[in-house]
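# Working through the structure, step by step
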There are 2 protein chains.
Amino acid sequence: MKVLVLGAGQLAKMLYLAAAPLGVEVFAVDVTDNSVLNPVSRQVHEFDLAFAIEEAKAITVEFEHIPEPLLELVEASGKLMPNMLSIMAGADRVREKYLLAQNGIANCQHLIIDNVDQLEGITDILGDKIIFKSSRDGYDGYGQWRMRSASDLGSLHDTFDKLDLRKVPLIAEKMSLFDREISVVGARDAKGNICCFQIAENLHYEGQLHVSIAPATKLTKTIIFQANDIFKRIANALEYVGVLAIELFQVGDELLVNEIAPRVHNSGHWTQDGVGTCQFEQHIRAVLGFGLGSTKTPYVNAMVNVIGCTSFSRDLIALDGCHLHWYGKTLREKRKMGHINVVADNYAQLGDKLIALLEHLPEESFPLLAGEAKRLQAFSQT
Amino acid sequence: MKVLVLGAGQLAKMLYLAAAPLGVEVFAVDVTDNSVLNPVSRQVHEFDLAFAIEEAKAITVEFEHIPEPLLELVEASGKLMPNMLSIMAGADRVREKYLLAQNGIANCQHLIIDNVDQLEGITDILGDKIIFKSSRDGYDGYGQWRMRSASDLGSLHDTFDKLDLRKVPLIAEKMSLFDREISVVGARDAKGNICCFQIAENLHYEGQLHVSIAPATKLTKTIIFQANDIFKRIANALEYVGVLAIELFQVGDELLVNEIAPRVHNSGHWTQDGVGTCQFEQHIRAVLGFGLGSTKTPYVNAMVNVIGCTSFSRDLIALDGCHLHWYGKTLREKRKMGHINVVADNYAQLGDKLIALLEHLPEESFPLLAGEAKRLQAFSQT
């Protein structure tokens, strides 16, 4: 049985490795040239994309920014899971916001800007700390812009004036003061069964995820209920099939949806060593209708991204409970090269293990790790 | 980093899958034609064996019966792990018996038969229930013969008279009445560190392993100590590097070594889902000197072999704690097609899960499962 994955990066690789024991082979598509390859060995297959589409029982994605012609070609096969609606909700922030609004799901206060004139009076609505985000990635000149005071408005006006906002609108979001970012990763199958992993707590640095802790510390019943409820409402609304990740801001006892990722997600990588069925196997199970596996979590877990760095000894994997997942990519600045999962019996022990791990790592590449380890060490050993 | 595995069956496949997250690529050699291939996708590499030997950091085996010219070629590279001595101790029962004798390790009472005249008077030494085993596998006409009473001696004499016993001697072993077969699987690294997995209890049917339970039920401290001590003495005597499996007969409070397998082993497959570091990753760690991983075992585990059978629904993997490992081989009678690992909180629950699993399986292919499940169910839920 074959599953075709659009995209051939580390997520496709990890899907391949999780699928193989089930007797399922993953073909990956390099979306830059539509070649079909083995995402682990990088061996290119002799057959072409059309054959791979024909052979596949299910077709899925490892990222949401798939060139539209390819996505349409695949959608026409009737095998795309999750569906186009779900992928576009992840790829297009305007659609994402509509989805949340339609389903009454809390998110950051925002405006959709498709005309530069809308900037006028915006501070009356959103205050003077605003983040502007391109609704779609991968468009030249687009990205994210922060407005830290009303005096920035003039230069932003000039910048946005040069963009085609009707084609690619901006989302203007009030910069919220949130306590932390958490994420809920889970799966929904075609029968509507839903199974979420434990909620993870995510630490970012310069816009990149550096560390996840799962289950997140200090979770209240209210937060757990809300996160799972939000997951369920979004997954059902989309008739979602596969693994879905939802990033959430926690503000006191309330959750705001930050982002929806229609795929396996970096903040779910800890499941590879901390749960019976990891997110990659769960995704394969969901898209092939095999039935979802157990997400029971006997440990507390940390996931540490290795970013733009290869200069450490593999000796670190000899540390009790440390598991390396290496992507085998060429080193580039700020590139995710791999991750390290650490499992422990409790948070304090996890803190100790992260301190021990840090001795094997160049600290400058792991700026949040020492602080987080110390925070965890302060928990009592229970 | 590359590891070359002699043999390209399911053990090589599972080594590949465990190595990939460490950034290690496994090349497998099909020993019938010395081609080098990817043991998961079966894609044949463009380079030849000599190149693969050159590229590999370590070279290892997935089975002990490697053609001698190949083994010598590889030995000459200085990269073979475990070493030739260890592989031959597994491949040749005479060497195995010498090893055990040299190290004073208990095993079944036996004689080495390299001349048919030695049959005379054999019943005075070993009794009239004897099993004769070829010292080496893969020789035409050789195998195993059971003598159930002294009256069988005549026809066995005729059979053995046709064999070249000086070239390939037989081991004549007193058929022991043992309580059960258990196995200890563990790893030793080049620094002499040793780390064993929990002891497994193995159920055979018609000479094939059908079910393993780990940890074995009703283990006493004496048995655990003996098993680990035997492992340590054998592994150290061989200066072993890698995963080693030792099959043991338990007779009351005593253990007798039945067989030594110088490789990852079917009775260690449960570690894939029941332990932080499975036997496949542990083997890769050991041969590359990465340091051994944790073998902490939070669950009780069953491993159920799927033998000569493909007629079941993949729905079984939806059962809580069930994990399918499918080898993707062509169906043949008595061929191991895959295995199913089941994890549970205690033996009684494991019994319940095996009963539930059996509902998805054709019972005739799993003749021991119902009985074993019922035995486990009788344990109290603690």
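Residues numbered from 1 in each chain as written. Chains lettered and ligands numbered in written order. Predicted model: local features only at pLDDT ≥ 70, side-chain atom pairs only at ≥ 80, totals over all residues. Heavy atoms only, no water.

Along its sequence, chain A is carved into domain 1 (2-80), domain 2 (109-174) and domain 3 (180-377). A separation of 31 Å is found between the C-alpha centroids of domain 2 of chain A and domain 3 of chain A. (Domains from an automatic or database assignment.)

The figure often quoted for interface size is the accessible area lost as the parts come together. Listed per partner, the contact involves 39 residues of chain A and 39 residues of chain B. For the chain A and chain B pair, buried surface summed over both sides reaches about 3000 Å², with 50% attributable to carbon and sulfur atoms. Ionic pairing is found between B:Lys296 and A:Asp345, a salt bridge with its closest N-O pair at 2.8 Å. In this assembly, chain A and chain B are joined by 14 residue pairs in polar contact (both at pLDDT 80 or more). (Contact = heavy atoms within 4.5 Å. Buried area = accessible area lost by both parts, 1.4 Å probe. Salt bridge = Lys/Arg side-chain N within 4 Å of Asp/Glu carboxyl O. Polar contact = N/O pair within 3.5 Å; in protein donor to acceptor, adjacent residues only side chain to side chain.)

What follows is about the sheet that holds strand 3 (residues 35-37) of chain B. Residue and element names in this part refer to chain B. Ordered in space as 3-2-1-4, the four strands form an open sheet in which the pairing is mixed. The sheet terminates laterally at strand 3 and strand 4 (58-61), the two strands that pair on one side only. Averaged over neighbouring strand pairs, the angle between their axes works out to 30° when direction is ignored. As paired elements, strand 2 (residues 25-30) and strand 3 share three bridges and run antiparallel to each other. By the bridge assignment for strand 3, Asp-30 is matched with Ser-35. Helix-sheet contacts for helix 3 (residues 68-75) involve strand 1 (2-6), strand 2 and strand 4, and the interaxial angle to strand 1 is about 155°. In the packing of helix 10 (residues 279-288) onto the sheet, contacts are made with strand 1, strand 2 and strand 4, and the angle to strand 4 comes to roughly 140°. (Pairing = 2+ DSSP bridges. Helix = DSSP H or I, 4+ residues; strand = E, 2+ residues; numbered from the N terminus. Axes fitted to C-alpha atoms, helices over the stretch in contact; angles between N-to-C directions.)

Let us now look at the pairing of strand 11 (residues 200-205) of chain B. All names here are of chain B. In this sheet, strand 11 lies alongside strand 9 (residues 180-188) in antiparallel orientation, the contact comprising three bridges. Its bridge partner being in strand 11, Ile-182 is matched across the sheet by Glu-201. Strand direction decides the pairing type here: strand 11 and strand 12 (residues 208-214), joined by five bridges, are antiparallel. By the bridge assignment, Glu-201 is partnered in strand 12 with Ile-213. Remark: two residues form the turn of the hairpin made by strand 11 and strand 12, two consecutive strands paired antiparallel; Glu-206 in that turn has positive phi of roughly 50°.

All names here are of chain A. Scanning all chains against the criterion turns up 30 salt bridges over all chains. Put simply, Lys-97 and Glu-173 hold a salt bridge, and the shortest N to O gap is 2.8 Å. Linking Lys-97 in helix 5 (residues 93-102) with Glu-173 in strand 8 (residues 170-174), this pair joins segments that are 76 residues apart in sequence. Assessed through its relative accessible area of 3%, Lys-97 is described here as buried. For Glu-173, a relative accessible area of 4% corresponds to the buried category. In the salt-bridge network here, residues are joined through shared partners; they are Arg-180, Glu-201, Glu-372 and Arg-375. (Buried < 20%, exposed > 50% of the residue type's maximum accessible area, 1.4 Å probe, protein only.)

Applying the stated criterion across every chain, the model contains 16 aromatic pairs over all chains. Ring geometry for B:Phe47 versus B:Phe51: centroids 5.0 Å apart, planes at 45°, classification tilted. For the ring pair B:Tyr347 and B:Phe379, a centre distance of 5.1 Å and an interplane angle of 50° mean the geometry is tilted. With a gap of 32 residues between them, B:Tyr347 in helix 11 (residues 347-358) and B:Phe379 in the segment after helix 12 (369-377) connect regions that are remote in the sequence. By relative accessible area, B:Tyr347 is classed as buried at 15%. An aromatic cluster is defined as three or more aromatic residues linked by ring pairs; in this entry it consists of A:Phe27, A:Phe47 and A:Phe51. (Phe/Tyr/Trp six-rings, centres within 6.5 Å; stacked < 30°, edge-to-face > 60°.)

Residues and elements named next belong to chain A. For the pair helix 4 (residues 84-91) and helix 5, the least separation of the axes is 5 Å and the interaxial angle reads 110°. Relative to helix 5, helix 4 is oriented roughly perpendicular. Facing Met-88, Ala-89 and Ala-91 of helix 4, the residues of helix 5 in contact are Arg-93, Arg-95, Glu-96 and Leu-99. Partitioned by chemical class, the residues of the contact of helix 4 with helix 5 number four nonpolar, no polar and three charged. (Parallel < 35°, antiparallel > 145°, perpendicular 65-115°, else oblique. Nonpolar A, V, L, I, M, F, W, Y, C, P; charged D, E, K, R; others polar.)

The subject of this paragraph is the side chain of B:Gln282. All names here are of chain B. Inspection of the secondary structure assignment puts Gln-282 in helix 10. For Gln-282, a relative accessible area of 0% puts it in the buried group. For Gln-282, the residues in contact, after removing those within four places along its chain, are Ala-187, Cys-195, Phe-197, Val-243, Thr-277, Leu-292, Gly-293 and Thr-295.

As a further point, take the environment of A:Leu49. Residues and elements named next belong to chain A. Inspection of the secondary structure assignment puts Leu-49 in helix 2 (residues 49-55). Note on Leu-49: relative accessible area 8%, which makes it buried. Sequence separation between Leu-49 and Asn-301 is 252 residues, and the spatial gap between their C-alpha atoms is 38 Å. In this structure Leu-49 touches Leu-4, Val-29, Asn-34, Val-36, Leu-70 and Leu-73, once residues within four positions along its chain are discounted.

Attention now moves to the relation of the copies chain A and chain B. When chain A is brought onto chain B, the operation consists of a screw motion whose angular component is 180° and whose axial shift is 0.0 Å, with 0.0 Å RMSD remaining. The two molecules are tied by a two-fold rotation axis, judged by turn and shift. Considering only C-alpha atoms, the part of chain A nearest the rotation axis is A:Leu17, at 3.0 Å. (Least-squares fit on C-alpha atoms with pLDDT ≥ 70 in both.)

Looking now at helix 12 (residues 369-377) of chain A. Residue and element names in this part refer to chain A. Buried within helix 12 are the following residues: Leu-369, Ala-370, Glu-372, Ala-373 and Leu-376. The buried residues of helix 12 occupy one face: seen down the axis, they fall within an arc of 165°. If you follow the buried residues of helix 12, they end up packed against strand 11 (200-205), strand 12 (208-214), strand 15 (300-307) and helix 11 (347-358). (Arc of directions from axis to C-beta.)

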